Amino acid sequence: MRHLRLVLLLASAAALHAEDGSRLWLRYDRIADEPLRAAYARILRQVHLVEDDGEDSTGHGSPTLRAARDELATGLAGLLGSAPTITVDQVFHRTHSPSARAAGFDLRFGPGGAVIEGSDDLEVLYGAFALLREVQTRVPVARLRLDSSPRIQRRILDHWDNLDGFVERGYAGSSLWDWADLPGRLDPRYRDYARANASVGINGVTLTNVNADPRVLTAPYLAKAAALADVFRPYGLRVYLTARFSAPLDIGGMKTADPRDPAVAAWWRAKADEIYRAIPDFGGFLVKANSEGEPGPQDYGGSHADGANLLADAVAPHGGIVLWRAFVYSPHDANDRTKQAYNEFQPLDGKFRDNVLLQIKNGPLDFQPREPFHPLFGAMPKTHLALEVQLTQEYLGQATFLAYLGPLYQECLESRTYRPGRDSTVASVIEASGAGGLSAIAGVANIGADRDWTGHPLSAANWYAFGRLAWDPALPSAAIAEEWVRQSFSNDPRVVQGLGAILMASRPAVVDGTMPLGLHHIMARGHHYGPGPWVDGGRPDWTAVYYHKADAEGLGFDRTAAGSNALGQYAPEVAQAWGDLATCPDDLLLWFHHVPWDYRMRSGRPMWDELCLRYQRGFEEVQAMARQWDGLQALVDPERFARVAALFRQQAEETAVWRDGCLQYFQQFSRRPLPPGVPAPAHDLAYYEAIDLRHMPGDPSGR
Ligand code: BDP
């Protein structure tokens, strides 16, 4: 007995110290409230798994069904103290066509226990994770029924991971993929990674950087990718790879990569055949071409459609797809950079094969803290369009700042494009692009080898939110934040409310504190961390002065008809609203207009004062988040508490540097005093300009 007590004591001490974030939102800790635990246990004595259409399943004991059973057994044993009886039923409907039914699950609770029904084993697995989510978030389940199907077919994480372990724009350590150990040794974390993805419905992973290394398409690396695919498969996670357009030259011994050369087409077909022999459910290729120095079809006088179709034809016999990125711009194009992708791709509408998706970033520039939606979403009705968002915080303070990005994704998904049609939000454009069964959303991963996976203890919320929104773009981001907090921290109402509020305040704090009122691309050069409104010289579209255009008269980029007319790429309803200073939202003001320093804002203040006060507000918002977090000290584990508290202190200091550096710089042009409420900067402008952070991680130029 004494021995047992000792063991229990040790176990609980271990649990106290084990809160390093590695379990993500799949913690399954025992429900402390006894009556509540007993109530759940009564309902969940029995869980019945029903696979409706056994036709294409791998059988009763399929690895996916086993994964569902294991997860339920471990999860419910953890939460309730005892594992339920789990039974499995497979019903065969020979006449039923699986594609006639939207992939999804049906989860019901009743006196006989819980029933999870899906048309295949993966849907059952998704239902199992949903059940665990309901219990982990303490939803009263007694008579609950949940019928849920994903609105977007391919829900993919894009890793910008290089073969040497370096993660471009990655702030959570090195790559999770240990290429040296693969395929022989499989890190147990690969399975946990797949579990986490399946728990939120993510069903694809692009293993490698868009700035692609062609060697990943050689036999040794395909064997490594295949080993990962084997681990991921039971969890419904398909592998995709980035394809360097010049691969036929680089690794194929060919003399050209010309998309119109039949020998090149034959090379890609043979390569696709080889890949599918190694990875039978390979998803397809993600391609960055003729962008930022990457090779592409234009090197041979071909178009983006020629290039995409070449690869699409190679994977088509195997059911593969091509995600062709629309992130292109050129130093030789005199047009406003935000217009170039549209100019390049819009005329190609209707010219892409049916297994091609054009993968478009949420905004027309590059993952800034706030951007208007990309105009291509409203302008290519005959092309499958996929949305790409960034989970990794390249421009939002990296792994130091807290920026819960659910609201950013939601803002884009909800934007109305006014494309003809009943509903024209970005979400419905990408969903409807799948009328033929093909639709996709991609998130640039924030995951690395750090124990907590994402570097900042709270930024796993972005991984979670991306998956949940990819499944259902209509889910409110605040509700998703709450789910994540309940599972990752606590169901104590003070934590749910307090941390939920912190998460929801975090992205606005970054926008206000770094690039308010529609300012963009004024970060430091190279690593993109910290302020750099003074960045000038070299390639103009990589400077800050190109974007803010500060002068004696005012601030901001005129993208109206009188300026670059980027607004002309939007539907008239949008162009009109944003093109008029009086109706343009404050949040996008300096994105679309060059605004006089003394322009009267909605607040009644001159623009300069408003700008200063926004920077100050951003700083104060960080301080407020830090205070709220301090108030939660007794309610969260000491390890994560201390780390987040320290990060908030650093974020506050660096937000002050943003405020003071930017205001010192812009004040040279505005020649106006700081308004009351904004403190005098601690240093002169030269001090801020001299800050050198070349050692920041994730910067490809600083390696
Ligand atoms: C930019 C990043 C760069 C990426 C590029 C891309 O700075 O590292 O390679 O986007 O998306 O945001 O291709």
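Everything here concerns the structure above.
Residues numbered from 1 in each chain as written. Predicted model: local features only at pLDDT ≥ 70, side-chain atom pairs only at ≥ 80, totals over all residues. Heavy atoms only, no water.

A. Spatial organisation of the nonpolar core. By size, the foremost hydrophobic cluster in this structure holds 220 residues, and its most contacted members are Phe 232 and Phe 666. If you tally residues by element for this core, the top one is helix 20 (residues 638-670), at eleven residues. Beyond its immediate sequence surroundings of up to four residues, Phe 232 is in contact with Trp 177, Tyr 190, Tyr 193, Ala 194, Val 205, Leu 207, Leu 237 and Val 239. (Core = buried A, V, L, I, M, F, W, Y, C linked by side-chain atoms within 4.5 Å. Buried < 20%, exposed > 50% of the residue type's maximum accessible area, 1.4 Å probe, protein only. Helix = DSSP H or I, 4+ residues; strand = E, 2+ residues; numbered from the N terminus. Contact = heavy atoms within 4.5 Å.)

B. Seen up close, the pattern of salt bridges. For the coordinates displayed, the defined rule picks out 49 salt bridges. Between Glu 34 and Arg 37 there is a salt bridge, with its nearest N and O atoms 2.8 Å apart. With Glu 34 and Arg 37 both in helix 2 (residues 34-43) and three residues apart, this pair spans about one turn of that helix. When its relative accessible area of 37% is taken as the criterion, Glu 34 is described as partly exposed. Asp 366 serves as the salt-bridge partner of Arg 337, at 3.9 Å between the closest nitrogen and oxygen. (Salt bridge = Lys/Arg side-chain N within 4 Å of Asp/Glu carboxyl O.)

C. Structural context of the site of the ligand. Within the structure, the ligand sits among 14 residues, and Glu 168, Lys 288, Arg 325, Asp 366 and Glu 394 are positioned closest to it. The side chain of Lys 288 places a nitrogen or oxygen atom 2.6 Å from an oxygen atom of the ligand. Lys 361 is positioned with one of its side-chain polar atoms (N or O) 2.7 Å from an oxygen atom of the ligand. Computed on the free molecule, the ligand has an accessible area of 320 Å², of which 97% lies beneath the protein chains in the complex. (Near = heavy atom within 4 Å. Polar contact = N/O pair within 3.5 Å; in protein donor to acceptor, adjacent residues only side chain to side chain. Areas by Shrake-Rupley, 256 points an atom, 1.4 Å probe, with all protein chains shown as cover.)

D. Geometry of the sheet that holds strand 13 (residues 440-444). Pairing within the closed barrel is parallel, and its eight strands lie in the order 6-7-8-9-10-11-12-13. The mean inter-strand angle of the sheet, taken between neighbouring strand axes irrespective of direction, is 25°. Alignment of strand 9 (residues 284-287) against strand 10 (residues 321-325), held across four bridges, turns out to be parallel. Within the sheet, the bridge partner assigned to Phe 285 lies in strand 10 and is Val 322. (Pairing = 2+ DSSP bridges. Axes fitted to C-alpha atoms, helices over the stretch in contact; angles between N-to-C directions.)

E. Focus on unusual backbone geometry. Note the cis peptide between Leu 182 and Pro 183, where omega equals 0°. Following the sequence through the fold, Pro 183 ends up in the loop between strand 6 (154-158) and helix 5 (189-199). Its identity is not glycine, yet Gln 398 carries a phi of approximately 50°, on the positive side. As for its placement among the helices and strands, Gln 398 is situated in the loop between strand 12 (384-390) and helix 11 (406-414).

F. A look at empty space enclosed by the protein. In this structure the tally under the stated criterion is five cavities of 30 Å³ or more. Roughly 80 Å³ of internal volume is contained in the largest cavity. In terms of lining, the largest cavity is formed by Ala 326, Phe 327, Val 328, Tyr 329, Arg 337, Ala 341, Lys 361, Gly 363, Pro 364, Leu 365 and His 374. Looking at side-chain class alone, the lining of the largest cavity contains seven nonpolar, two polar and two charged residues. (1 Å grid on protein atoms, 1.4 Å probe; cavity = no way out; pocket = protein on both sides within 12 Å on 5 of 7 lines; lining within 4 Å. Points joined across faces, edges and corners; volume = space filled by probe spheres on them. Nonpolar A, V, L, I, M, F, W, Y, C, P; charged D, E, K, R; others polar.)

G. Focus on the side chain of Ser 199. Of note, Ser 199 is situated in helix 5. Separated by 2.6 Å, the side chain of Ser 199 and the backbone oxygen of Ala 196 make a polar contact.

H. Local environment of the pairing of strand 10. With five of its five residues buried, strand 10 lies for the most part within the structure. Bridge analysis of strand 10 against strand 11 (residues 356-361) gives four bridges, and the strand direction is parallel. Looking across to strand 11, one finds that Arg 325 is bridged to Gln 359. Taken together, strand 10, helix 10 (residues 337-345) and strand 11 form a β-α-β motif whose crossover is right-handed. (Right-handed = clockwise from strand over helix to strand, strands pointing away.)

I. Molecular detail of the packing of helix 8 (residues 262-278) against helix 9 (residues 304-315). In contact at an axis separation of 8 Å, helix 8 and helix 9 are set at 45° when each is read in the N-to-C sense. As the angle between them shows, helix 8 and helix 9 are arranged oblique. Helix 8 and helix 9 meet at a crossing whose hand is right-handed. Facing Val 264, Ala 265, Trp 268, Arg 269, Ala 272 and Tyr 276 of helix 8, the residues of helix 9 in contact are Leu 310, Leu 311, Ala 314 and Val 315. In terms of residue class, the contact of helix 8 with helix 9 is built from nine nonpolar, no polar and one charged. (Parallel < 35°, antiparallel > 145°, perpendicular 65-115°, else oblique. Left-handed = near helix turned anticlockwise from the far one by under 90°.)

J. Spatial organisation of the environment of Arg 244. Secondary-structure assignment places Arg 244 in the loop between strand 8 (238-242) and helix 7 (247-250). Sequence separation between Arg 244 and Phe 285 is 41 residues; the distance between their C-alpha atoms is 9.5 Å. Apart from residues no more than four positions distant in its own chain, Arg 244 is found in contact with Ala 212, Pro 214, Asp 250, Trp 268, Glu 294 and Pro 295. Within the local environment of Arg 244, its side chain forms a polar contact with the side chain of Asp 250, the two groups lying 3.3 Å apart.

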